[in-house]
Amino acid sequence: MASTCSGVATEPPGLETQRAEIETLMREEELRVGESWYLVDCRWFELWKEYVKTGDQNSPSFPGQIDNTELFENLETYRLKERLVENEDFVLVPAEAWRKLLSWYGMVPEQPALERKVIDLPSTVKVEIYPVEIFLCLHSNMEEVVTEQFSRTDTIYTIQNVMQKQFEVEEDAEPRLWMKSSDTSCERLRNTQMTVLDTCLAPGMTVIMELRNADGTWPSSRPQIMRNSVEEQDTYRGQPGVCGLTNLGNTCFMNSALQCLSNTPPLTEYFLKNLFLGELNFTNPLGMKGEIAEAYADVIKQMWSGRHYSVVPRIFKTKVGHFASQFLGYQQHDSQELLSFLLDGLHEDLNRVKNKEYIELRDADGRPDQEVAEEAWRNHRRRNDSVIVDTFHGLFKSTLVCPECQKVSVTFDPFCYLSVPLPISKERVMEVFFVSLDPLSKPVQHRVVVPKAGKVIDLCTALSQATNIPASQMVVADVFNHRFYKIYQVDESLSCILDRDDIFVYELSSSCVDEEEEEVLLAVYMRERSHYRDYGSGGSNYSTSLFGHPLLMALPQSQCTRDALYQVFLQRLARYVRQPDPAEEVEEEEEEEENGEDNDEEEELYRNQPNGVSGDDIEEDSETAGPSNRVEQPQENTHDVTEDSEEAGTSNTVEQSQENTHGDEQNNAQSEPGSNGAEEEKTEEEESSSEQDRGSSTEEGQSAGGSTDTNSQDAADGEQGAAEASGKEEEEDEEEKDDAEPIAQVNKKAVNRRRCAEKKQKPLFIIQAVNSNGTTERGMADGGNTLSLSSPLYVAIDWDPDMKKKYYNESEAERYDKDQSMKVPQQHTTVQLQECIELFTTVETLEEENPWYCPTCKKHQLATKKLDLWSLPEVLIIHLKRFSYTKYSREKLDSIVEFPLRCLDFSGCLLRKTGTDSEPPSRYDLIAVSNHYGGLRDGHYTSYAQNKDNGRWYYFDDSKVTCAKEEQIVTNAAYLLFYQRQDKIRYPTLPPPDNHIASSNHDSVPGPMDID
């Protein structure tokens, strides 16, 4: 602030002239913000006034050289004294008056001129007597601090220039300033055009200058770099721009868009040359205060430093989420949506127009297109002027025609990218599994062609032509996680079915035995029980887990009993469920007899059976204690037994025998189906402690064979009584045991034969009513034989783990055949990019949700609309609209779009003809592609891009970068195409370095078809 002036004075005018000039200047000069005023010592100024008032140049009151010594604390630092008072210690003179006085009288040598600025405070305009004294230092050497004074009207850029000179920083270095107000608080001085007053810089604060590293990072916020240690940063030299971006969690969409923009030469060079620093717009209410532009610049500088294999764009991701809440978190998004936001954000942050004026748009009203287009573009540039507009914005012509009055409205609108539609087929290819009614036939996978807007009946009709099964005998279901996710009605839309859904079509029986009897649709699940009961949920049932493929079948109501269903299921599962072998049963019987003779504890087990005998009754009842005694008990309850169940040996008589024996299949006492009953023996204490378990499993045991056992509770009570009687006569039993040994041996053989017979009749599985999720709800396990009738009726086939292992063939159950239609390679639809562009320019009728207000009819009309290309930008982004959303369907179009890598010619599409010297050409070359793999709900984004320096193509898959060939680029995954106009292409001249491949092969990264 203080500058030294020489004391040389020129010949002054007359004293009266001096007095008149100075008094006039001091009286008429007003305080204007930013202008300079000067402090003059009051004593010297009074001497001067007295001197010029006398009119005598030889007067002893001659003031001599201007001397402000009394205003300084010392003559070494020339620091101004504190609490000086105007008109007592000093007077303020305007700059013009100061220059005159200085030229007439000179100044004391080495003494600085006390120049002060006029500042605008909130309540007044005044001269700033005491400037702000600030400490300055470099981030790399914060011990070396210098002190400088700055006016409150000085800009931060002024401070930056002073610091660069003070610390001898190179001009091409990229600095940024921080304001430190305390030991822990630092704030970034981002807007260098703000003043010291606006940034609240106060005396005593410190301004720190930070210089960007050679690798593009900042020392204060160095990000994590993939596989680059600090030492490697100084040694690695790769091809600039060939750098991966780390996936932060479903951020492949962002990485793909950033790689495409990074390889857009004009935009990248704009940031690498720091041209953005002078165009940051911090006051635009539509912008992000320059933060998005700075965050993007940091990423670009790191990627193009040639020092990194991969960069972590965490700060950029945070900034994007801060200004666009839809990108908060780590959900998957669309790369085109991110690109649209980023281009708009960069434009507003770098908009050279600080104050946007209101411009009323005019219709063509019959004027020539050239005139209207130039006016529209001129108006657009009056409000929007940035590097984004320079690089990416073009102009198209929009023509609306009213269907009623034929009013034609022509406007010219700017665009940043072209969203071109893909030709949509009216047909759709679906892959389904057909399950035949023949139990020995495997499911067959078919590929059928159906209408996109069709219904489920259309799918059945198409499948009927391939299978010769009437469509009326088919039911369609979506199978997910071993259960029916949804069973479709024939009138439901096919748009509800996604390509990735597992669709099964089941053949139903053609008719019932009794035509008048109503059919029930039966949904059958496969479940496997655990070995142990689940007491955690407040019940005592076995926990189950679903497995295998469910079944759908139609049955008459009369067959909806457990007995009948057991036989139906055995027949339907015959392909992968093995029936017990009679020879195997004979071997088991013989083995059980042998084991029974050798087991000394069998008598104790037999004595505890409900129909057994103990104590003194053994000799008396030995002839009636065998299985024949149990046959007579349940005869009253045989009315529910069907003919099928009798043939299969699943009558109530057998079931009661099963339920009242200790070998109840529900409590899993046996370890292997068909094993010897002697292996299941327990001590008397164990039998007593398991009474509750047997009682709770009685209900479930009833469902195994089918019929209801009304005597099961009495049998259980008898069993408990026998156990108690045995416990009371424990001592007597020891003596009786020796006396009854011959009789017990006879009874043991009878028991073995009885229990072996029971084993032969034990069912392979039990049938349980369930809900649609395949879980048992309260009130369903009632143990009744007849199931509650509803359509569809959900039941589960519950398998004991050991029975399932022995009789259920899992590998066979999972097998299926492929129809001839699956063996024919599915051809991807191929379209030309030119077709998509022509489709973009075709006439369409506005939708009801978006009508046009006709100024002639004075009402909204469904007008026809046609878009035409008028002018194209330097870099043209083409968005292929692969995601189709209509009233009838939602799908991703996997058509292959054939797009040229060179010489994409728009001359036939442009309304404004080129070819003159002033018009740019209309041929473009491809520079980048954003790819999307996957479907509607998920997927993975990658990109291809051509390096601007060496002209080579690279494939960017998050942090992994590999070389690519041109023939790999055109795929059905292409989503965003980046083209650069040929006249703007700078052909590469730099050879690639030896280690130019930056591939993070040591990382676990997804391939093209992997899902984030």
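Check the entry above for the structure.
Here the structure is a predicted model, which means the values were calculated and not measured.

### Comments concerning the sheet that holds strand 5 (residues 115-120)
Taking strand neighbours across the sheet as the criterion, the four strands line up as 3-2-5-6 in an open arrangement whose pairing is antiparallel. The open sheet has two edge strands, strand 3 (90-94) and strand 6 (125-127), and neither has a second partner. This sheet shows a mean twist of 30° between the axes of neighbouring strands, independent of strand direction. Of the pairings in the sheet, the one linking strand 2 (residues 36-41) to strand 5 comprises three bridges and is antiparallel in character. Bridging across to strand 5, Trp37 finds its partner in Arg116. Strands in contact with helix 2 (residues 42-54) are strand 2 and strand 3; relative to strand 2, the strand with the most contacts, it is inclined by about 85°.

### Some thoughts on the pairing of strand 9 (residues 175-180)
Direction of pairing for strand 9 relative to strand 11 (residues 206-211): antiparallel, over a ladder of six bridges. Considered in strand 11, the bridge of Arg176 is made with Glu210.

### Re a negative patch on the surface
Negative charge collects at one region of the surface, where Glu844, Glu847, Glu848 and Glu849 lie side by side. Structurally, Glu849 can be placed in the loop between strand 28 (844-845) and strand 29 (852-854). Residue classification places Glu849 among the exposed positions, given a relative accessible area of 61%.

### Considerations on the pattern of salt bridges
The final tally for this structure, using the stated rule, is 45 salt bridges. With a shortest N-O distance of 3.0 Å, Glu174 and Lys301 are connected by a salt bridge. Pair noted here: Glu174 is in the loop between helix 4 (156-166) and strand 9 and Lys301 is in helix 8 (residues 291-303), with a separation of 127 residues, a long-range link. Several salt bridges converge on common partners, so that one network encompasses Glu279, Arg352, Arg381, Asp385 and Asp390.

### What about the packing of aromatic side chains?
Within the structure shown, the criterion is met by 30 aromatic pairs. Taking the centre distance of 5.2 Å and the plane angle of 90° together, the rings of Phe547 and Tyr808 count as edge-to-face. Of this pair, Phe547 sits in strand 23 (residues 542-556) while Tyr808 sits in the loop between helix 27 (801-807) and helix 28 (810-814); the two residues are 261 residues apart in sequence, bridging distant segments of the chain. The structure contains a cluster of three or more aromatic residues connected by ring pairs, namely Phe433, Phe484, Phe504, Tyr506, Tyr525, Tyr794 and Tyr816. Directly above the ring of Phe547 sits Lys804, whose terminal nitrogen or CZ lies 4.6 Å from the centroid.

### Some points on the nonpolar core
Core analysis: the biggest nonpolar cluster contains 55 residues, and Leu261, Phe271, Tyr296, Phe316, Phe392 and Phe978 have the highest contact counts within it. By residue number, the principal contributor to this core is helix 8, which donates eight residues. Discounting residues that sit within four places of it in the chain, Phe392 has contacts with Leu261, Thr264, Leu267, Leu343, Phe415, Cys416, Pro873, Val875 and Ile877. Counting 47 residues, the second largest nonpolar core, distinct from the first, contains Met526, Phe569, Tyr576 and Tyr807.

Rules and cut-offs
Residues numbered from 1 in each chain as written. Predicted model: local features only at pLDDT ≥ 70, side-chain atom pairs only at ≥ 80, totals over all residues. Heavy atoms only, no water. Pairing = 2+ DSSP bridges. Helix = DSSP H or I, 4+ residues; strand = E, 2+ residues; numbered from the N terminus. Axes fitted to C-alpha atoms, helices over the stretch in contact; angles between N-to-C directions. Contact = heavy atoms within 4.5 Å. Patch = residues over 30% accessible without salt bridge, like charges linked within 9 Å, V, L, I, M, F, W, Y side chains within 5 Å. Areas by Shrake-Rupley, 256 points an atom, 1.4 Å probe, with all protein chains shown as cover. Salt bridge = Lys/Arg side-chain N within 4 Å of Asp/Glu carboxyl O. Lys, Arg positive; Asp, Glu negative; His and termini not counted. Charge placed at Lys NZ, Arg CZ, Asp CG, Glu CD. Buried < 20%, exposed > 50% of the residue type's maximum accessible area, 1.4 Å probe, protein only. Phe/Tyr/Trp six-rings, centres within 6.5 Å; stacked < 30°, edge-to-face > 60°. Lys NZ or Arg CZ within 6 Å of the ring centre and 35° of its normal. Core = buried A, V, L, I, M, F, W, Y, C linked by side-chain atoms within 4.5 Å.

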